[in-house]
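Structure at a glance
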Amino acid sequence: MVARGDTGRCIALVLPAVLAAAVVGCSPQNARQSDDDSQPEPPVEMMTVDSLEAFSLPLDTYRLSKQSAQVVSQAFEELFVECMQELGFTEEPWRPSPASDPEGNEGLYGVTDKEEAQRWGYHPPQESENSQPDSAPRQVPSAAWQTAAEGSASQTAEGKRVPDGGCRGAALRELSEGTPNTDVELADRLAIDSYQRSKEDSRVLSTFSEWSECMRQLGFEYPAPMDANNDETWWSSEAPSSREIATAVADVECKQQVGLINIWASVHTAYEKRAIEENAEALASVQEYRRIEEANALAVLERR
């Protein structure tokens, strides 16, 4: 089960560990914008967010969009499979599949759509009433397959040469050809850090308190929105319970009552702007890397 909250906004793929994070550069590291944690809170220009689906954050410019990530992932998969087949591995013990993350920034601040809350609670919306999670068992890769994928040996048992870094490394090299030497995960780490800082900002915490009081008056005890969103009670079943739906609906109503999304998004934006100012040169290099990477991926797909 995947909760709605999306602190890092990374596009996950269902891949074995050897391939995890190979394509989109997601990282759990908690990089900070500055080593000085005593920095004052940044000035905030209040905005009105009518739709999180259309809402963008400053660092989005330096990160792969969901569409771009899918292009790069598809190209990576094709290159990887082609390489593995050349080494004699025709079976596919894994099946790439996009995770059920919301589009863009929709899930950043938890549930915000009342109609979706009434239908799905905190569960990710399904494409149809009859859609079911993929429960088919995945084939465990053989040791020989993993060796070819990772490049932990210079050749296969049949004597075929394995590329440096395995087929994973070969695919990544082709996608990164011509890119600058840069810290490609920087924008992702700064985005995670900016989100975390926004949750700790006094202006957001004050609004959380107002939201929490609103929820208490409706019969629900949570100190902050993501505590309700991530309540483990909800994940004991594939379908939302009546209690979960009631909580999610109250969550949305209280967010609207205290103006939480406008305040949180405005503060969040301020932290991302500061991160960009502090890392402008490095981020420009990341942006160029992503541009070339996507162009390489499109070229791979066009010739197939």
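Residues numbered from 1 in each chain as written. Predicted model: local features only at pLDDT ≥ 70, side-chain atom pairs only at ≥ 80, totals over all residues. Heavy atoms only, no water.

**Some details on the overall build of the protein chain**
Inclusion rule: Only DSSP runs of H or I reaching four residues or more are called helices, and only runs of E reaching two or more are called strands; each is numbered from the N terminus. Whether a residue is buried, partly exposed or exposed follows from its accessible area with a 1.4 Å probe, protein chains only, as a fraction of its type maximum: under 20%, in between, or over 50%, in that order. Throughout, a residue-residue contact means that at least one pair of heavy atoms, one from each residue, lies within 4.5 Å.
Within the protein chain, the secondary structure is distributed over 10 helices and zero strands. When the helices and strands of the protein chain are listed from N to C terminus, the series reads α-α-α-α-α-α-α-α-α-α. For the protein chain, the proportion of its 304 residues judged to be buried stands at 46%. Across the protein chain, contacts joining residues at least 24 apart in sequence account for 84% of those joining residues at least 6 apart.

**Some points on the pattern of salt bridges**
Under the convention used in this document: By convention in these notes, a salt bridge is any Lys or Arg side-chain nitrogen within 4 Å of a carboxyl oxygen on Asp or Glu.
All chains considered together, the criterion is met by 12 salt bridges. Salt-bridge contacts for R203 lead to E41; the nearest nitrogen and oxygen are separated by 3.7 Å. Taken together, the positions of R203 in helix 6 (residues 202-217) and E41 in the segment before helix 1 (66-86) put the pair 162 residues apart, joining distant regions of the chain. We classify R203 as partly exposed; its relative accessible area is 28%. Between E213 and R216 there is a salt bridge, with its nearest N and O atoms 2.7 Å apart. Placement of the pair is E213 and R216 together in helix 6, with a separation of three residues, close to one helical turn.

**Quick notes on helix 4 (residues 166-175)**
All of the buried residues along helix 4 are G166, C167, G169, A171 and L175. Next to the buried residues of helix 4 lie helix 1, helix 3 (143-150) and helix 10 (280-302).

**Things to note about the packing of helix 5 (residues 186-200) against helix 10**
The cut-off we apply is this: Axis definition: a line fit to C-alpha positions, over the contact stretch in the case of helices; interaxial angles, taken between N-to-C directions, run 0 to 180 degrees. Working rule for angles: under 35 degrees goes down as roughly parallel, over 145 as roughly antiparallel, 65 to 115 as roughly perpendicular, anything else as oblique. The nonpolar class holds Ala, Val, Leu, Ile, Met, Phe, Trp, Tyr, Cys and Pro. Asp, Glu, Lys and Arg form the charged class, and all remaining residues, Gly among them, are polar.
The interhelical angle for the contact between helix 5 and helix 10, taken along N-to-C directions, is 120 degrees, at an axis separation of 9 Å. It follows that helix 5 is oblique to helix 10 by the angle criterion. On helix 10, the residues touching L186, A187, D188 and L190 of helix 5 are A282, L283, V286 and R290. Of the residues belonging to the contact of helix 5 with helix 10, the class tally is six nonpolar, no polar and two charged.

**A few points about the state of the cysteines**
Rules: Throughout, disulfides are identified as pairs of cysteine sulfur atoms within 2.5 Å of each other.
According to the stated counting rule, one finds two disulfides in the structure shown. At a sulfur-sulfur separation of 2.1 Å, the disulfide partner of C83 is C167. Every disulfide takes its handedness from the sign of the S-S torsion; for C83 and C167 that torsion is -75 degrees, giving left-handed. In this pair, C83 sits in helix 1 while C167 sits in helix 4, placing the two residues 84 residues apart along the sequence. Disulfide partners in the protein chain, listed by the sequence order of the bonded cysteines, are 1-2, 3-4.

**Concerning the confidence of the model for the protein chain**
In low-pLDDT regions, the fine details of the predicted coordinates are not to be read closely. Put simply, the test is: In predicted models, pLDDT denotes the confidence assigned by the predictor to each residue on a 0 to 100 scale.
Per-residue confidence for the protein chain gives a mean pLDDT of 85, with 80% of residues at or over 70. Throughout residues 6-30 the model reports pLDDT below 50, and contacts reaching past four residues in sequence, or to other chains, amount to 73 contacts. Note on residues 95-102: pLDDT is under 50 here. Beyond four places in sequence and across chains, it has 21 contacts.

**Some remarks on the packing of aromatic side chains**
What counts is decided by this rule: Whether two aromatic rings pair depends on their centres lying within 6.5 Å, for rings of Phe, Tyr and Trp, where Trp uses its six-membered ring; planes under 30 degrees apart make the pair stacked, over 60 edge-to-face, and the rest tilted.
Under the criterion given, the structure shown has six aromatic pairs. Summarising the aromatic geometry, the rings of Y109 and W264 are spaced 4.6 Å apart at their centres and angled 45 degrees between planes, so their arrangement reads as tilted. Taken together, the residues span a long stretch of sequence, with Y109 in the loop between helix 1 and helix 2 (114-120) and W264 in helix 9 (residues 260-278) at a distance of 155 residues. With respect to burial, Y109 and W264 carry one shared label: buried. Arranged with centres 5.8 Å apart and planes meeting at 15 degrees, the rings of Y122 and W234 form a pair that is stacked. Pair noted here: Y122 is in the loop between helix 2 and helix 3 and W234 is in the loop between helix 7 (225-229) and helix 8 (242-258), with a separation of 112 residues, a long-range link. Put simply, the rings of Y109, Y195, F208 and W264 touch in pairs and so form one group of aromatic residues.

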